[in-house]
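# Commentary on secondary and tertiary structure
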Amino acid sequence: MYETNVQEIDQPTVVNGIDVDALGKTLAAIREDPDLGVSQFRATNRWIGGNHNRTTVTSFYGAKQDIAHAKAFEMDADEPPILAGNDLAANPVEHLLHALAACVTTSMVAHAASRGIPINSVESVVEGDIDLRGYLGLANDVPRGYTALRVKFTVDAEPRYLKRLEDLSKFSPVFNTILNGAQVDISVEPA
């Protein structure tokens, strides 16, 4: 009979599909050196024609360095025919709903994982109210963007965690940018 010498391999602690050991190391590193948390995300956009344009994301700045994504990500935008588009992609205000839904979901799941709160599933419906008269320049007293946004989650987790999960979703950078605003500088230069 042969004796096997099996070494135990450290397996990462995974909660909600997130390696909380790796997340903990990231948190500890940023606590130690706050400059590691300074980030800049970038996107380039190219007009294709009509109301159709394409945004490409290839890299970002974080942890004191430029970091390339494993591949380029492309996101098209267009308008529906009622707004003189060809309906080739979601329109920009729908992309904002996607960004909000994705970011509050990611925030909820990641923060829950770091606190050991298991989640079985998360779904959401996001709605936004907008009066197009502002965007179309038909009424100066009408806001040009959303006036109200609603996110309704359906979460399969222990009921005792639901309020906590709602609070954790509010760590979302997109939620906070929409809620508090951000300085936006626009410049137009010759080609």
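Quantities reported herein were computed from a predicted structural model and do not represent experimental measurements.

Cut-offs used in this document
Residues numbered from 1 in each chain as written. Predicted model: local features only at pLDDT ≥ 70, side-chain atom pairs only at ≥ 80, totals over all residues. Heavy atoms only, no water. Buried < 20%, exposed > 50% of the residue type's maximum accessible area, 1.4 Å probe, protein only. Helix = DSSP H or I, 4+ residues; strand = E, 2+ residues; numbered from the N terminus. Arc of directions from axis to C-beta. Contact = heavy atoms within 4.5 Å. Core = buried A, V, L, I, M, F, W, Y, C linked by side-chain atoms within 4.5 Å.

### Some details on helix α4 (residues 162–169)
Residues of α4 that are buried include every one of Leu165, Leu168 and Ser169, and no others. Across the axial projection of α4, the buried residues extend over an arc of 100 degrees, all falling on one side. Buried positions along α4 lie against α2 (92–114) and β8 (148–156).

### Some thoughts on the nonpolar core
Counting 10 residues, the largest nonpolar core consists of Met108, Val109, Ala112, Ile117, Ile119, Val155, Ala157, Tyr161, Leu165 and Leu168. Breaking this core down by element, the ones donating at least two residues are α2 and α4. Considering each element in turn, this core owes the most residues, 3 residues, to α2. Each residue touching leucine 165, except ones within four places of it in the same chain, is listed here: Met108, Ala112, Ile117, Ile119, Val155 and Ala157. Counting residues in each nonpolar core, the second largest holds 6 residues, with Leu97, Leu100, Ala101 and Val104 among its members.

### Considerations on the environment of valine 20
Inspection of the secondary structure puts valine 20 in helix α1 (residues 20–32). Under the relative-accessibility criterion, valine 20 is labelled buried at 17%. Along the chain, valine 20 and histidine 111 lie 91 residues apart, while their C-alpha atoms are 9.7 Å from each other. With residues near it in sequence (within four places) discarded, valine 20 still touches Thr13, Val15, Ala113 and Ser114.

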